[in-house]
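A structural walkthrough
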Amino acid sequence: MFGPTKRQWCIAAVLCVLMALAALPARAALDPALVQGLGGDFNARVAAIDALGVAGGDEAAALLDALEGGRLGTVDGRLVVIAPDGLRDATSGEALAADAGAATRITVNNRLRRAIGTARAALALSSAQPAQRLAAADTLRENASPALLPVLARALAAEQDDAVRAVLRYATAKLELASPDPALRLKAAQALGGSSDAAVKNLLAALLEKRGDGAAATWVEADAEVRAAAAASMRAIDRRIGLAQTAGTLFSGLSLGSILLLAALGLAITYGVMGVINMAHGELLMVGAYATFLVQGAFRSHLPEYLDLYVLAAIPAAFLAAALVGIAMERLVLRHLYGRPLESLLATWGLSLVLIQAARVLFGPQNLELANPSWMSGGVELAGGVVLPYNRIVILGFAAFVLVLIWLMMQKTRLGMFVRAVTQNRPMAGCVGVPTARVDTLAFAIGSGVAGLGGLALSQIANVGPAMGTGYIVDAFMVVVLGGVGQLAGAVWAALGLGIVAKFLEGWAGAVVAKILVLVFIIAFIQKRPQGIFALKGRFADS
Amino acid sequence: MNRRNFVKALTLSASIAAIGLPAGAHAADTIKIGILHSLSGTMAISETALKNVALMTIEEINAGGGVLGKKLEPVVVDPASNWPLFAERARQLLAQDKVAAVFGCWTSVSRKSVLPVFKELNGLLFYPVQYEGEELEKNVFYTGAAPNQQAIPAVEYLMSEEGGGAKRFVLLGTDYVYPRTTNKILRAFLKSKGVSDADILEDYTPFGHADYQTIIARIKHFAAEGKKTAVVSTINGDSNVPFYKELGNAGLKATDVPVVAFSVGEEELRGVDTKPLLGHLAAWNYFMSVDNPQNKAFIDKYRAWAKKNAVPNADTVVTNDPMEATYVGLHMWKQAVEKAGSTDVDKVIAAMGGQTFKAPSGFTLTMDATNHHLHKPVLIGEVRADGQFDVVWQTQQPIRAQPWSPFIEGNEGKQGL
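Please read these numbers as outputs of a predicted model, since none were measured by experiment.

1. So, the overall build of chain A
Along chain A, the regular secondary structure elements total 22 helices and nine strands. Counting only residues that meet the buried cut, chain A has 43% of its 543 residues in that class.

2. Observations regarding the sheet that holds strand β3 (residues 101-104) of chain B
Residue and element names in this part refer to chain B. Here we have five strands laid out as an open sheet, ordered β2-β1-β3-β4-β5, and parallel in their pairing. The sheet is open, and its two edges are formed by β2 (71-77) and β5 (140-142), each paired on a single side. Each strand of the sheet is rotated relative to its neighbour by a mean of 25°, with strand direction disregarded. When strand β1 (residues 30-36) meets β2, the two strands line up parallel, connected through seven bridges. Note that in β2 the partner of isoleucine 31 across the bridge is leucine 72.

3. Here's the deal with the domain arrangement of chain A
Many analyses report the size of an interface as the accessible area lost when the parts associate. Considered domain by domain, chain A is made up of domain 1 (12-112) and domain 2 (249-470). Each of domain 1 of chain A and domain 2 of chain A was reduced to a C-alpha centroid, and the two centroids are 57 Å apart.

4. A word on the nonpolar core
One finds Ile33, Val232 and Val260 of chain B to be the most contacted residues of the largest nonpolar core, which totals 132 residues. Shared between two domains, this core holds at least three residues of each, these being domain 1 (2-145 + 291-375) and domain 2 (148-289 + 379-394) of chain B. Ignoring any residue separated from it by four or fewer positions in sequence, one finds valine 232 of chain B in contact with Val155, Phe169, Val170, Leu171, Leu172, Leu186 and Val260 of chain B. One finds Ala280, Ala291, Phe293 and Val492 of chain A within the second-largest nonpolar core, a separate group that totals 87 residues.

5. Observations regarding the interface of chain B and chain A
Every contact between the two is made by 47 residues of chain B and, on the other side, 44 residues of chain A. Breaking the side of chain B that touches chain A down by element, the ones donating at least two residues are α3 (44-63), β7 (200-205), α8 (213-223), α9 (240-249) and β15 (389-394) of chain B. Looking at the side of chain B that touches chain A, its residues break down into 16 nonpolar, 18 polar and 13 charged.

6. Concerning the packing of helix α16 (residues 414-424) of chain A against helix α18 (residues 436-459) of chain A
Residue and element names in this part refer to chain A. Orientation of α16 relative to α18, taken along the N-to-C sense of each, is 110°, at an axis distance of 10 Å. The orientation of α16 with respect to α18, classified from their angle, is roughly perpendicular. Where α16 abuts α18, its residues Leu415, Phe418, Val419 and Val422 lie against Thr436, Val439, Leu442 and Ala443.

7. A closer look at the domain arrangement of chain B
Residues and elements named next belong to chain B. Domain parsing of chain B yields domain 1 (2-145 + 291-375) and domain 2 (148-289 + 379-394). Every element with two or more residues in the side of domain 1 that touches domain 2 is listed here: α3, α5 (108-120) and α11 (321-340). For the side of domain 1 that touches domain 2, the class distribution of residues is nine nonpolar, nine polar and five charged.

8. Brief notes about the environment of valine 464 of chain A
All names here are of chain A. By the element assignment, valine 464 lies in the loop between α18 and α19 (470-483). With 135 residues separating them in the primary sequence, valine 464 and methionine 329 have C-alpha atoms 22 Å apart. Residues contacting valine 464, with those up to four places away along its chain left out, are Ala289, Phe293, Asn367, Leu368, Leu370 and Ser459.

9. Overview of the pairing of β1 of chain B
Residue and element names in this part refer to chain B. A large share of β1 lies buried, amounting to six of its seven residues. Taken together, β1, α3 and β2 form a β-α-β motif whose crossover is right-handed. For β1 and β3, the ladder comprises four bridges, and the chain directions are parallel. Within β3, the position partnered with leucine 36 by the bridge is glycine 104.

10. Things to note about helix α9 (residues 182-191) of chain A
Among the residues of α9 of chain A, Arg185, Leu186, Ala188 and Ala189 of chain A are the ones counted as buried. Down the axis of α9 of chain A, the sector holding all buried residues measures 165°, keeping them to one side.

11. Overview of the packing of helix α3 (residues 42-55) of chain A against helix α5 (residues 110-124) of chain A
Residue and element names in this part refer to chain A. Contact geometry for α3 and α5: axes closest at 7 Å, N-to-C directions at 10°. Taken together, the axes of α3 and α5 lie roughly parallel to each other. Taken together, the residues of α5 that come into contact with α3 (itself represented by Arg45, Val46, Ile49, Asp50, Leu52, Gly53 and Val54) are Arg111, Leu112, Ala115, Ile116, Thr118, Ala119, Ala122 and Leu123. Across the contact of α3 with α5, the residue classes tally to 10 nonpolar, two polar and three charged.

12. Observations concerning α11 of chain B
Side chains three or four residues apart in an α-helix point the same way, a direct result of the helix having 3.6 residues per turn. Residues and elements named next belong to chain B. With 20 residues, α11 extends 28 Å from end C-alpha to end C-alpha; this agrees with the ideal 28 Å at 1.5 Å per step. By the criterion of burial, α11 is predominantly enclosed, with 15 of the 20 residues buried. A positive phi of about 70° marks glycine 341, the residue just after α11.

What counts, and where the lines are drawn
Residues numbered from 1 in each chain as written. Chains lettered and ligands numbered in written order. Predicted model: local features only at pLDDT ≥ 70, side-chain atom pairs only at ≥ 80, totals over all residues. Helix = DSSP H or I, 4+ residues; strand = E, 2+ residues; numbered from the N terminus. Buried ≥ 20, exposed ≤ 12 C-beta atoms within 10 Å, placed from the backbone. Pairing = 2+ DSSP bridges. Axes fitted to C-alpha atoms, helices over the stretch in contact; angles between N-to-C directions. Domains from an automatic or database assignment. Core = buried A, V, L, I, M, F, W, Y, C linked by C-beta atoms within 7 Å. Contact = placed C-beta atoms within 7 Å. Nonpolar A, V, L, I, M, F, W, Y, C, P; charged D, E, K, R; others polar. Parallel < 35°, antiparallel > 145°, perpendicular 65-115°, else oblique. Right-handed = clockwise from strand over helix to strand, strands pointing away. Arc of directions from axis to C-beta. Expected span 1.5 Å × (residues − 1).

The following block contains the structure:
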């Protein structure tokens, strides 16, 4: 009997290999020449990384990981992986006798990191987690090269998740715009109309340009139908980006407004309601920020696992610290100066210098490091690349929270009623038994405490240093004066209005000019309407 | 006044401790060195470390026997990021304290404000920071980089294949003389490379600016209009912290829009979470991560000094380029004084040309014979997750400075003093 011939063995073997390849394209052994490219010159590296992304497989992923983590190097032109226990050949995996120090580490720069990101994304398209596939598809939408088109097409065909499919379709459409088939190009141009990516708009715009000069010029895109579709898609994208950008500017205006409001709200109570010109208001902000810093320090050393929550714990701390400083100021200095605005202005200015120096002596002149908790880092993306940072969203909400709290306190509590009574008619309030002196102290303490909360908010976005308050005192007075002395609603409108106006001006004229224009606007406004946006009516206003 | 006296007393006692002699016995045999750096205000973030490294170097020189057999005695003043105050303090150092040399200034505006004082009183200033050039003074030695030793190579790198092939540029800076002049030079340079005005966006913010939302949004918008974009940042002082925070929060990654900074080093990044900033760049003539024996010794010395003197956060102190430049400057001054055999300003200036020093950057730096600038290597680094920099590009040799940029008209033939 004859067994299978040599030739039959060969065919069977080849078949097996082919089947294995077809079933597990990702498991194909990597071409050593391709891998060695990683150790070559810069262009060879980029090419090798791109090829690894197309090839796919765990081995490729491991290599990319090693490259990005700085664990790939070369020894005499040979590519090696630098492991803690020594060097291994990158292709064969065999351990090398050479010392780890002998390898020259391959440094990864931005260009390589981008290539690695794209290649990684191509690999992650076959991940089991939809979230990972979505992130991968997003990366590819931005950076995919034509070589990846088959990979994308394969992923699109296999994809079940709608969100991922949508992104993949954009990624494919972007690449298909360069396809030789007009029907494919048309489909791509139409599909891209749903995007809100400015880069896509530019791709489409490029199609609508002409090559060459004068009469000899030809359209970059030969097919008129494709051009019409591209133009329509461009308009749709433009509209969406325009909307998103206006929304973004509005948001940054509101955000700036909320910060101005937090900085000014305390002053709206002490100056606006009580009539004390408090030049040390900025330093009360600083006290709040420093209290936040101390709370962060306490969390770092005692509760490191809850560090992310230090901001919440800092809310009462900042309020109390600033309120205590406020009480001390009121009891020791301001009490004796009621009804003498010029003296209280000078005295509080002196106090502000004392507080700044005190901070310098206690904490040093340098700015302090305050880290955003992780839940306040990053942002949520609107269309068209407009990102709303979480820290600003949180501060916006915090400003609203503080505002509601103060409003409730002023309108719904006995203390609030006393404060309103004392500010409207001090002798009469005293006659009916309101302890005016104690109410003064408490109102000033609350105004100062709110300034402390403002300092807490500022510490999350701006620099914290001894002189940080001086930068906000002008803004705070601006808001209170513009809003109208004597009540809180004016401060809210003035702060948000100023924020939005400043941000739109900044987008149009730049930060330096915008600052000047805002000041000019306020001067003009106060000329026309010295009582501010809202004016109190009645006896108090006349006095 | 109290504060100044306090600092004086502190430094005096530090130097006494270092020397181990009673104050009265050596007061006449010391050489006074002025240190003129902002220890408060917006620039304190950058300049405080320069004061520290100057004190450390003075201690080191004293431990090695001093200069011409005399010990050095530091006189520290705080001009508080207040430019006119720089001139007042400089006058005080030169006229009242009679210092042999002054090490100080960071911003160009502070340097410009002290220049007349140094000229009038024939003082000697060592300026340790990269700057815009367009200046050459007999009384000043510039140990930082001129534009051709930092800004131009950095932009060339961004335009190269390796650096990402940028075609569009955002020139972003703080509103004063250094960023304005540097951007003027860069604009002319970019034009010579075929970049049109439409592909350059120039924007400025005031000192201490803290709200970078609009600017980041504008950069994003500009970058989305097609060609590969890069940002060149000449933002100075503590504005960098909110700028980089906002950059991280807005998700502007270095792989999409790299930001190369000329005034941000290891020290400025200490206050920032650098994980979102991975890959953003800085161009300098030295990085702390440079691996060589001189640098290791330099870092160890500074760490030990910071611990001994209880510098805040002493266990995480870093070194950076202007600190290296201060260190090199002080040592070169010492060599020049020894060569001249005197601390007389004119003799020292004559002896400075051609001085060499093996610097922590790993290169032997030479003081140019004619133009008062150092020959320096150029290094470009990318931010790592730990706040240090990975060198991704560097020159093979130190480069001669061109204080008068060839990209500004009318500068031909102005290279010498």
